[in-house]
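Report on the structure
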Amino acid sequence: MQSEVFEYFLNGGDAQLLVCEDDKEAIAALSAAEFAGLKVFRLPDFRAREGDDLRSFSTELFELSSELAKFYEFEGKKLLISPVCTVLNKLPGKKHLQKLTLNFGDKIDPKELAQKLLRFGYEAVGIVESEGEFCVRGEIIDVFCVGAQEPNRILLFDDEIESIRHYSTQTQISNKTELKSVEISPFIAALGEAEFEKTSEKIKEIETDALISDLKTLGFWAIEGFIDYTREFKTVLTKKFDGFERGLGEVANLPVLPAAKVYKDLSVTLNADFFELNKNKKIKVLARNEGLFNALNLSEYKNVEFVQTEAALNLVSPSEIIVSLNKFEKKKRAKKPSLVIDELKVGDYVVHEEYGIGKFTGLEKLTVLGRTREFVVIVYQNEDKLLLPVEHLNLIDRYVAGSGSIAVLDRLGKANFAKIKEKVRAKLFVIASKIISLAAQRELIRGEIIEKDDAEYLNFLQNAGFAYTRDQERASSDIANDLKSGKVMDRLLSGDVGFGKTEVAMNAIFKCVKSGFQALFFVPTTLLSSQHFKSLKERLGKFDVSVFKLDRFTSAKEKAAAVKALETGQPCVCVGTHSLLSVKPSNLGLIIIDEEHKFGVKQKEKLKEISSASTATSALSTARRRSCNEREDTVICFRKMAGAIFYAISVGAWRRCRTFPARRKIPKIERLENAFADIDRLMAERQGECPFH
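First, a word on what this report is: a plain description of the structure on this page. (Residues numbered from 1 in each chain as written. Predicted model: local features only at pLDDT ≥ 70, side-chain atom pairs only at ≥ 80, totals over all residues. Heavy atoms only, no water.)

Strand pairing in a sheet relies on backbone hydrogen bonds, with the paired strands running either antiparallel or parallel. Spatially, S12-S15-S16-S13-S14 is the arrangement adopted by the five strands of the open sheet, whose pairing is mixed. Whereas interior strands pair on both sides, the edge strands pair on one side only; in this sheet they are strand S12 (264-265) and strand S14 (304-308). Across five bridges, strand S13 (residues 282-287) lies against strand S16 (residues 320-324) in parallel orientation. The partner of lysine 284 across the bridge, within S16, is isoleucine 322. (Pairing = 2+ DSSP bridges. Helix = DSSP H or I, 4+ residues; strand = E, 2+ residues; numbered from the N terminus.)

Written out as structure tokens, the structure reads:
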């Protein structure tokens with residue numbers, strides 16, 4: 001393929017867009033086109049389909065925005081190379097990619113700038129760590145521009161830009177070099193106020209499974225004015241994409257590169273014999289640096305020419321050979337450090353992604369090639385040391401083991417850790433294949449139709465004791481639609497503590513049991529099991545719904561009754577911990593997993609295996625947003641002052657939670673009584689009731 005690309009553009013081919021099959025082919029084509037004299041811009045392989053949640057494709061979209069902006073900015077002879085999946089979508093045009101330039105001395109309003117960055121698709125955060133993020137803290141504005149290697153820190157004096165510098169995301173320390181200006185490229189598109197409002201409204205109308213509906217998640221599908229690049233630019237294909245995984249539409253009819261007449265692709269191993277056999281031909285050796293070329297010791301061959309380039313190209317013609325010492329390198333994604341160096345203590349065990357388990361012994365400053373740097377010192381077997389620069393902290397993680405296990409240090413220079421990683425990788429593939437197989441089976445299963453919208457269900461809703469929020473109503477409606485659709489349900493219900501996830505789940509349980517099926521309520525702890533059992537009894541017992549509990553505190557008699565009910569197919573709900581994995585319900589209609597994030601993949605899939613082995617069972621998982629250190633329906637307050645305790649209690653009461661004060665030491669009874677008196681007084685002042693004592 002490289003021969004066709006090189007010869008086409010060497011002979012004056014005027015195509016502006018070259019469409020390849022995938023990333024690998026696009027990288028090869030880029031080398032050929034660049035060596036032919038073109039300025040080349042390569043788009044990523046963007047495989048999302050309309051309506052998909054785009055947060056999982058953020059890397060591709062950042063690269064797409066950056067490359068298209070550079071493409072439009074360049075004025076000379078240029079070429080855009082794209083995998084075919086990318087150009088099947090309409091992409092941002094020149095008007096969408098207008099940059100915002102901030103110069104030293106400019107006067108700006110931080111609030112207006114923040115709004116503009118939001119319309120540029122940037123995300124407001126507390127600490128800037130990744131592309132497309134910004135933070136405004138008084139007179140300090142941090143922004144990580146799309147396509148940039150480092151974020152920028154803008155300092156203001158009143159409303160005037162006093163300083164623009166790069167800074168490190170690791171240390172948060174600014175560079176000494178002052179910049180004259182900073183260019184901020186948009187993420188996907190630069191929108192005006194009216195366009196932003198219109199796009200936001202369109203996003204709300206998109207039918208999607210995305211948990212969050214915003215510009216970063218679905219904006220690509222809602223922004224108007226994107227263009228079809230295969231129509232906008234003269235396009236040529238590297239080959240016909242017969243049997244491609246997606247429908248190509250008009251792209252399938254585009255012209256293909258003509259076959260090469262002079263050059264042919266070459267696969268060769270460079271050695272002395274190769275250069276001896278080709279003494280009569282002109283040979284161009286491509287390498288990214290002179291050191292690679294000099295290592296071949298080719299000074300005696302006058303027909304060999306060194307060309308410094310990043311291109312990886314191997315071609316042969318009757319009079320010329322082009323060979324490359326460069327290799328196609330797969331681009332690795334930079335992983336964020338998962339630990340802070342200050343959190344490590346001397347003697348802590350850490351895991352290096354290449355060398356395995358070692359012991360952290362501290363930090364050490366060393367001067368290497370005239371530069372003083374700080375290193376993390378990790379000790380392995382036989383007191384071997386590994387010195388890791390602090391900027392590569394992302395390569396290590398804290399060692400976490402099961403209770404009672406003792407860490408064994410790995411040995412540098414041995415392949416033991418690599419073998420362990422391979423075994424783990426193989427096991428993960430087995431688990432993944434089972435999950436995929438199970439998901440495929442569930443897609444083919446015809447689910448039971450569970451529908452209960454009669455007067456009894458309305459009576460159940462009215463007995464909730466409170467009015468449902470808009471989100472509760474929407475979640476209950478979506479679940480009801482899934483249950484009566486005849487398709488098996490896999491739904492995640494996410495919300496903060498005390499916001500009514502259990503009430504929504506009880507709606508589904510009521511419909512399921514009253515339709516003649518059984519429901520399993522899976523929880524991670526015996527405490528939650530007892531709490532939910534009590535709640536279910538109080539809420540569902542009034543409507544003749546049988547409620548059972550299975551955990552290690554369940555008596556033998558109660559356990560026998562629950563197992564018998566499940567095995568005989570009696571419509572009921574059973575709440576429990578891992579004990580539920582051993583039961584065999586004969587009429588299962590619904591599985592609920594509470595605190596879903598606390599279970600492993602194998603445990604959750606075991607429950608799905610139970611469902612697939614019986615009837616077509618739906619699954620509903622509930623998980624709280626991890627915004628605070630709270631247990632389900634409990635607020636733990638580490639406070640001393642009565643006013644702070646009152647505040648926590650009033651918030652807890654508003655959210656219908658139980659609230660407990662937590663202290664390291666039990667205070668004297670007299671001091672507690674004084675605190676309660678202050679709390680009662682505060683409650684009385686606000687005409688509230690104290691649920692505390």
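Attention now moves to the nonpolar core. Ranked by size, the top nonpolar core spans 61 residues in total, and within it Leu102, Tyr122, Ile184 and Phe220 carry the most contacts. Dropping the residues within four chain positions of it, leucine 102 is found in contact with Ile108, Leu113, Ile154, Ile161, Ile164, Lys180, Ser181, Val182 and Ile184. By size, the runner-up hydrophobic cluster in this structure holds 30 residues, among which are Val523, Val545, Val573 and Ile592. (Core = buried A, V, L, I, M, F, W, Y, C linked by side-chain atoms within 4.5 Å. Buried < 20%, exposed > 50% of the residue type's maximum accessible area, 1.4 Å probe, protein only. Contact = heavy atoms within 4.5 Å.)

A separate point is the side chain of serine 65. Inspection of the secondary structure puts serine 65 in helix H3 (residues 58-73). Relative accessible area serves as the criterion here: at 2%, serine 65 is assigned to the buried category.

As a further point, take the pairing of strand S9 (residues 160-166). As defined by bridge partners, strand S8 (residues 152-157) adjoins S9 across six bridges and the pair is classed as antiparallel. Residue pairing across strands places phenylalanine 157 opposite glutamate 160, the latter belonging to S9. Here S8 hands over to S9 after two residues, with aspartate 158 in that stretch at a positive phi of 65°.

Before going further, it helps to spend a moment on the pairing of strand S3 (residues 78-83). With five of six residues buried, S3 lies mostly within the body of the structure. Inspection of the sheet shows strand S1 (residues 17-20) paired to S3 by four bridges, in the parallel sense. Looking at the pairing, valine 19 lines up with serine 82 of S3. Bridge count between strand S2 (residues 39-42) and S3: four bridges; the pairing is parallel.

Even without being glycine, isoleucine 188 reaches a positive phi, approximately 80°. Tracing the chain through its elements places isoleucine 188 in the loop between strand S10 (181-184) and helix H6 (193-205). Residue isoleucine 188 is classed as buried on the basis of its relative accessible area, which comes to 3%. In this structure, aspartate 544 takes a positive phi of about 60° despite not being glycine. Considering the arrangement of structural elements, one finds aspartate 544 in the loop between helix H15 (526-540) and strand S24 (547-550). Aspartate 544 sits in the exposed class, given a relative accessible area of 71%.

On the surface, Ile420, Val424 and Leu428 cluster together into a nonpolar patch covering about 270 Å² of accessible area. With respect to the element layout, valine 424 can be found in helix H11 (residues 416-444). (Patch = residues over 30% accessible without salt bridge, like charges linked within 9 Å, V, L, I, M, F, W, Y side chains within 5 Å. Areas by Shrake-Rupley, 256 points an atom, 1.4 Å probe, with all protein chains shown as cover. Salt bridge = Lys/Arg side-chain N within 4 Å of Asp/Glu carboxyl O.)

The subject of this paragraph is the state of the cysteines. On inspection of all chains with the given rule, the structure shows zero disulfides. Cysteine 512 forms no disulfide, and the closest cysteine sulfur to it belongs to cysteine 572, at a distance of 9.3 Å. For cysteine 512, a relative accessible area of 0% corresponds to the buried category. (Disulfide = S-S within 2.5 Å.)

A separate point is the pattern of salt bridges. This structure, assessed with the given rule, holds 30 salt bridges. In this structure, the salt-bridge partner of lysine 99 is glutamate 73, at a minimum N-O distance of 3.1 Å. Taken together, the residues lysine 99 in the loop between helix H4 (84-87) and strand S4 (100-103) and glutamate 73 in helix H3 connect sequence positions 26 residues apart. Classification of glutamate 73 as partly exposed rests on a relative accessible area of 45%. Its salt-bridge partner being lysine 452, residue aspartate 454 comes within 2.7 Å of it at the nearest N-O pair.

A word on the packing of helix H14 (residues 501-514) against H15. Put simply, H14 and H15 touch, their axes get as near as 11 Å, and they point 55° apart. The pairing of H14 with H15 is recorded here as oblique in orientation. For the pair H14 and H15, the sense of crossing is right-handed. Contacts from Thr502, Glu503, Met506, Ile509 and Phe510 of H14 reach H15 at His532, Ser535, Leu536, Arg539 and Leu540. Here the contact of H14 with H15 is composed, by residue class, of five nonpolar, three polar and two charged. (Axes fitted to C-alpha atoms, helices over the stretch in contact; angles between N-to-C directions. Parallel < 35°, antiparallel > 145°, perpendicular 65-115°, else oblique. Left-handed = near helix turned anticlockwise from the far one by under 90°. Nonpolar A, V, L, I, M, F, W, Y, C, P; charged D, E, K, R; others polar.)

Turning our attention to the environment of cysteine 135. Here cysteine 135 is to be found in strand S6 (residues 133-137). Residues cysteine 135 and alanine 124, 11 residues apart in the sequence, show an inter-C-alpha distance of 5.7 Å. Discounting chain neighbours no more than four positions away, the residues touching cysteine 135 are Val125, Gly126, Val128, Ile140, Ile141 and Asp142.

Another point: the packing of helix H1 (residues 2-10) against helix H2 (residues 23-35). The N-to-C vectors of H1 and H2 enclose an angle of 30°; their axes lie 8 Å apart at closest approach. Between H1 and H2, the angle is such that the two are roughly parallel. You can see that H1 and H2 cross each other, and the crossing is right-handed. Contacts between H1 and H2 involve Gln2, Val5, Phe6 and Phe9 from the former and Ala28, Ala29, Ser31, Ala32, Ala33 and Phe35 from the latter. Taken together, the residues of the contact of H1 with H2 sort by class into eight nonpolar, two polar and no charged.

Let us look at a negative patch on the surface. Negative charge collects at one region of the surface, where Asp109, Glu112, Glu139, Asp158, Asp159, Glu160, Glu162, Glu193 and Glu197 lie side by side. Tracing the sequence through the fold places glutamate 162 in strand S9. (Lys, Arg positive; Asp, Glu negative; His and termini not counted. Charge placed at Lys NZ, Arg CZ, Asp CG, Glu CD.)

Using the criterion set out here, one finds 23 aromatic pairs in the structure. Consider the rings of phenylalanine 46 and phenylalanine 220, whose centres lie 5.3 Å apart with planes at 70°: the pair is edge-to-face. In this pair, phenylalanine 46 sits in the loop between S2 and H3 while phenylalanine 220 sits in helix H7 (residues 215-222), placing the two residues 174 residues apart along the sequence. An identical accessibility class is assigned to phenylalanine 46 and phenylalanine 220; each is buried. Here a set of aromatic residues connected by ring pairs shows up, and it is made of Phe41, Phe71, Tyr72, Phe74, Tyr229 and Phe233. (Phe/Tyr/Trp six-rings, centres within 6.5 Å; stacked < 30°, edge-to-face > 60°.)

What follows deals with the environment of threonine 217. By the secondary structure assignment, threonine 217 is in helix H7. The spacing of threonine 217 and aspartate 52 is 165 residues in sequence and 8.3 Å in space, taken between C-alpha atoms. Those residues in contact with threonine 217 that lie beyond four places of it in its chain are Asp52, Asp53, Leu54, Arg55, Ala210 and Ile212. A distance of 2.9 Å separates polar atoms of two side chains, one belonging to threonine 217 and the other to arginine 55. (Polar contact = N/O pair within 3.5 Å; in protein donor to acceptor, adjacent residues only side chain to side chain.)

Within the element layout of this structure, serine 476 appears in helix H13 (residues 470-483). Given the relative accessible area of 11%, serine 476 is considered buried. A distance of 2.9 Å separates a polar atom in the side chain of serine 476 from the backbone oxygen of glutamine 472.

The sheet built from four strands is open, its strands ordered S2-S3-S1-S11 with parallel pairing. The open sheet is flanked by S2 and strand S11 (235-237), the only strands paired with a single partner. Averaged over all adjacent pairs, the angle separating strand axes in this sheet is 25°, with direction ignored. Alignment of S1 against S11, held across three bridges, turns out to be parallel. The residue of S11 that forms the bridge with leucine 17 is threonine 235.

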